[in-house]
Amino acid sequence: MKTDDLVMLLATGECAVPEHAAQRRYAVVLALGMAAAGVLMLGLLGVRHDLAEAMRQPMFWAKCIFAAVLLLASLLAVLRLSRPGASLDRVPFALSAPVLAMWGLATVVLAGAAPEQRLGMLLGSTWDVCPFLIALLSTPTFVASLWTMRSLAPTRLSLAGAAAGLLSGSVGALVYCLHCPEMGAPFIGMWYLLGILIPAAAGALLGRYVLRW
Amino acid sequence: MTDKGQLDASEAHLKDLLVRGLAGEAPAYQAFLRDMSAHLRAYFRKRLARLPDEVEDLVQESLLAIHNKRHTYDAAQPLTAWVHAIAKYKLIDLLRRRAGHDLLSDPLDDEMDFLAASDSEASEAKRDVGKLLQQLPDRQRLPIVHTKLEGLSVAEAAQITGMSESAIKVGVHRGMKALAALIRGKP
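The model shown is predicted, which means the values in this text are computed figures rather than measured ones.

**With respect to a positive patch on the surface**
Line of reasoning, step 1. There is a patch of like positive charges on the surface, built from R24, R25 and R150 of chain A together with R139, R174 and K177 of chain B.
Line of reasoning, step 2. Counting only elements with at least two residues in the positive patch, the list comes to helix 2 (21-45) of chain A together with helix 8 (165-183) of chain B.
Line of reasoning, step 3. In this structure, R150 of chain A sits in helix 7 (residues 130-151).

Structural data, given as structure tokens:
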């Protein structure tokens, strides 16, 4: 088939496409991913028994906002990396802002604590399961966001995969907030972040294989 | 007019064609793809001086990719950046498959040049998209043949094939994606 004939073929029939296709697809990904993470959390872990009590403490909300801001920033990254030629612009700053804020808070908290208490504050009582549970809760969003990204057009595959991983990690962390009993900034700045980075690393590694088009 | 002025004018012209095409104006979309094939050809010809036989195939692969991924274009974004990123991605993808970046005869990071060159002299494509089309299953092939080669409406194609109208639309959509995968040499 000659190229001119291919052009004819492509231009014949329906050429209109709905607007904001990417935004709408990721809205579905987030809704489904969050619902699935919620079901996993309720089924496997359960809501923390003192949730009503915890919700009166600012640190509970700081933890949720940390995850929510990371979620929004990584959503921006995902949207841009799903589109050929769109630049990341200031998205890296938006991604690092909540992390730096949590580290700042952690530094203040650790500096004010007695030296022998610091390690305990960093490890909390669930450090050995926290990152893995966050990664577990992120899996539905991870699969759905990579699947959706493939239907769009990422051109920087490792970076795009990492962004999809960050998005799903943030969803996992946000839902995990409802179960997790930890309330310390040092703990969150360390183990929550690590939990979010597990799917991000997996996405960066898988991106070049699963996102090709 | 200066070079810069000319490039800005082509950018504005092509963007207008694409935006109208995406809103459903087939003639504008066809004009966009025709102009784009000349820009793609010049871009690949310059960069694949050592693989001249691949140029036309890559032009066709990129056109199909532009078509299949047209929903990722955002009118707030410069058109040049979008098509250049797709062309560059397809070029790198080809080189990766052929395992040799040293086959490249020109640098890739010159987005600004993309619309500067245009080449309307098509060479023969090695791979026949028409033959690949025959490999698709009927539920994808027939909708494409009727609506895109014969130019029938979705309703007419549905009547001829006995498929539902939504099955025709889905068949076209999936068929074009399957065609792109066949072109890349994937099952």
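**Considering a nonpolar patch on the surface**
Residues and elements named next belong to chain A.
Line of reasoning, step 1. Among the surface-exposed residues, M55, W61, I65 and V69 lie close enough to one another that they form a single nonpolar patch of about 360 Å² accessible area.
Line of reasoning, step 2. Position of M55 relative to the elements: it lies in the loop between helix 3 (51-54) and helix 4 (58-81).
Line of reasoning, step 3. Overall, M55 belongs to the partly exposed group, its relative accessible area being 37%.

**With respect to the packing of aromatic side chains**
Line of reasoning, step 1. Evaluated as defined, the whole model comprises nine aromatic pairs over all chains.
Line of reasoning, step 2. With 6.5 Å between their ring centres and 15° between their planes, Y29 of chain B and F32 of chain B make a pair best called stacked. Here F32 of chain B and Y29 of chain B lie together in helix 2 (residues 26-47), a separation of three residues that amounts to about one turn. When sorted by exposure, Y29 of chain B lands in the same class as F32 of chain B, which is buried.
Line of reasoning, step 3. Relative to F44 of chain B, the ring of Y43 of chain B has its centre 5.5 Å away and its plane inclined at 65°; by these criteria the two rings are edge-to-face. Here Y43 of chain B and F44 of chain B have matching classes, each one buried.
Line of reasoning, step 4. An aromatic cluster is present here, built from Y176, F187 and Y192 of chain A joined pairwise through their rings.

**Let's talk about the interface of chain B and chain A**
Buried accessible area, meaning the area lost when the parts come together, often serves as the stated size of an interface.
Line of reasoning, step 1. Contacts between the two partners involve 47 residues from chain B, matched on the other side by 33 residues from chain A.
Line of reasoning, step 2. Scanning the region where chain B abuts chain A turns up two salt bridges.
Line of reasoning, step 3. Among the ionic pairs, R212 of chain A bridges to D93 of chain B, the shortest N-O distance being 2.8 Å.
Line of reasoning, step 4. If you look at where chain B meets chain A, you find 19 residue pairs in polar contact (both at pLDDT 80 or more).
Line of reasoning, step 5. Counting residues per element, the ones that place at least two in the side of chain B that touches chain A are helix 1 (3-22), helix 2, helix 3 (55-68), helix 4 (79-97), helix 5 (129-134) and helix 6 (138-149) of chain B.
Line of reasoning, step 6. It is helix 4 of chain B that contributes the most residues to the side of chain B that touches chain A, nine residues altogether.

Reading guide: rules and limits
- Residues numbered from 1 in each chain as written.
- Chains lettered and ligands numbered in written order.
- Predicted model: local features only at pLDDT ≥ 70, side-chain atom pairs only at ≥ 80, totals over all residues.
- Heavy atoms only, no water.
- Patch = residues over 30% accessible without salt bridge, like charges linked within 9 Å, V, L, I, M, F, W, Y side chains within 5 Å.
- Areas by Shrake-Rupley, 256 points an atom, 1.4 Å probe, with all protein chains shown as cover.
- Salt bridge = Lys/Arg side-chain N within 4 Å of Asp/Glu carboxyl O.
- Lys, Arg positive; Asp, Glu negative; His and termini not counted.
- Charge placed at Lys NZ, Arg CZ, Asp CG, Glu CD.
- Helix = DSSP H or I, 4+ residues; strand = E, 2+ residues; numbered from the N terminus.
- Buried < 20%, exposed > 50% of the residue type's maximum accessible area, 1.4 Å probe, protein only.
- Phe/Tyr/Trp six-rings, centres within 6.5 Å; stacked < 30°, edge-to-face > 60°.
- Contact = heavy atoms within 4.5 Å.
- Polar contact = N/O pair within 3.5 Å; in protein donor to acceptor, adjacent residues only side chain to side chain.

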